[in-house]
Amino acid sequence: MAHILVADDDTTLRDLVQRALESDGHAIDVVGDGSAALGHIQSGAAIDVLVADIDMPVIDGISLAKQALAVVPALRILMISGMTERLEAAKDIPAQKLAVLQKPFTLEAVRAEVKA
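This structure is a prediction, so every number in the text was calculated from the model and none was measured. (Residues numbered from 1 in each chain as written. Predicted model: local features only at pLDDT ≥ 70, side-chain atom pairs only at ≥ 80, totals over all residues. Heavy atoms only, no water.)

Caption draft 1: Focus on the sheet that holds strand β3 (residues 49-53). Taken together, the five strands give an open sheet; going across it, the order is β2-β1-β3-β4-β5, and neighbouring strands pair in parallel fashion. Lying at the two open borders of the sheet, with one neighbouring strand each, are β2 (27-31) and β5 (98-102). Neighbour-to-neighbour, the strand axes of the sheet open up by a mean angle of 20°, direction not taken into account. Contacts between helix α4 (residues 107-115) and the sheet are confined to β1 (3-7), β3, β4 (76-81) and β5, with β5 contributing the most and set at about 175° to the helix. (Pairing = 2+ DSSP bridges. Helix = DSSP H or I, 4+ residues; strand = E, 2+ residues; numbered from the N terminus. Axes fitted to C-alpha atoms, helices over the stretch in contact; angles between N-to-C directions. Contact = heavy atoms within 4.5 Å.)

Structural data, given as structure tokens:
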């Protein structure tokens, strides 16, 4: 199973995603903003997948994704967004590294994207 970092400032959504992915056997770390997520990644934590909201305080999800890939090039990223217009800023992230889920989404969709 994968080691996943979930970064979202919405506590309820973060907890739901965490429980859904833990039920699939994944190891989950959670943080409430992009800065905390980047610090976790830079600390050397073994992370396979980053699940991040685009709209977060301090460092937004797209900036986080770019900086995280600079630290861990093999990282896979699942971006959660209710703001499709902001995805244009992610165009330089390699497509094979990035998947996007539009809000609202189902927990089954999150589980399927992580599995893929």
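Caption draft 2: Region of the structure containing the layout of surface pockets. The calculated volume of the largest pocket comes to roughly 190 Å³. As for the largest pocket, its lining consists of Val49, Arg76, Ile77, Leu78, Ala95, Gln96, Lys97, Leu98, Ala99, Glu113, Val114 and Ala116. At the level of elements, β4, β5 and α4 are the ones that each hand at least two residues to the lining of the largest pocket. Considering only residue class, the lining of the largest pocket consists of eight nonpolar, one polar and three charged. (1 Å grid on protein atoms, 1.4 Å probe; cavity = no way out; pocket = protein on both sides within 12 Å on 5 of 7 lines; lining within 4 Å. Points joined across faces, edges and corners; volume = space filled by probe spheres on them. Nonpolar A, V, L, I, M, F, W, Y, C, P; charged D, E, K, R; others polar.)

Caption draft 3: Quick look at the pattern of salt bridges. Using the criterion set out here, one finds three salt bridges in the structure. Among the salt bridges present, the one from aspartate 53 reaches lysine 103, with a minimum N-O distance of 3.5 Å. Separated by 50 residues along the polypeptide, aspartate 53 in strand β3 and lysine 103 in the loop between β5 and α4 bring together distant segments of the chain. Here aspartate 92 and lysine 66 are joined by a salt bridge, their closest N and O atoms 3.2 Å apart. One end of the pair, aspartate 92, is in the loop between β4 and β5; the other, lysine 66, is in helix α3 (residues 61-71), with 26 residues separating them in the sequence. Judged by its relative accessible area of 54%, aspartate 92 falls in the exposed class. Overall, the relative accessible area of 34% leaves lysine 66 in the partly exposed class. (Salt bridge = Lys/Arg side-chain N within 4 Å of Asp/Glu carboxyl O. Buried < 20%, exposed > 50% of the residue type's maximum accessible area, 1.4 Å probe, protein only.)

Caption draft 4: Just helix α1 (residues 11-23), in detail. Taking 1.5 Å of rise per residue, the 13 residues of α1 would be expected to cover 18 Å, and the 18 Å separating its terminal C-alpha atoms lies within 8% of that figure. Every buried residue belonging to α1 is among Leu13, Arg14, Val17, Gln18, Ala20 and Leu21, and all of these are buried. In this structure, the buried residues of α1 make contact with β1, β2, β3 and α4. A side-chain oxygen of the first residue of α1 lies 3.0 Å from the backbone nitrogen of threonine 12; this N-cap is aspartate 10. (Expected span 1.5 Å × (residues − 1). Polar contact = N/O pair within 3.5 Å; in protein donor to acceptor, adjacent residues only side chain to side chain.)

Caption draft 5: Molecular detail of the side chain of arginine 14. Take arginine 14: it is sitting in helix α1. No salt bridge is formed by the buried arginine 14, whose closest oppositely charged neighbour, aspartate 15, lies at an N-O distance of 4.5 Å. In contact with arginine 14, not counting residues within four places along its chain, are Val6, Asp8, Asp9, Val30, Val31 and Gly32. (Lys, Arg positive; Asp, Glu negative; His and termini not counted.)

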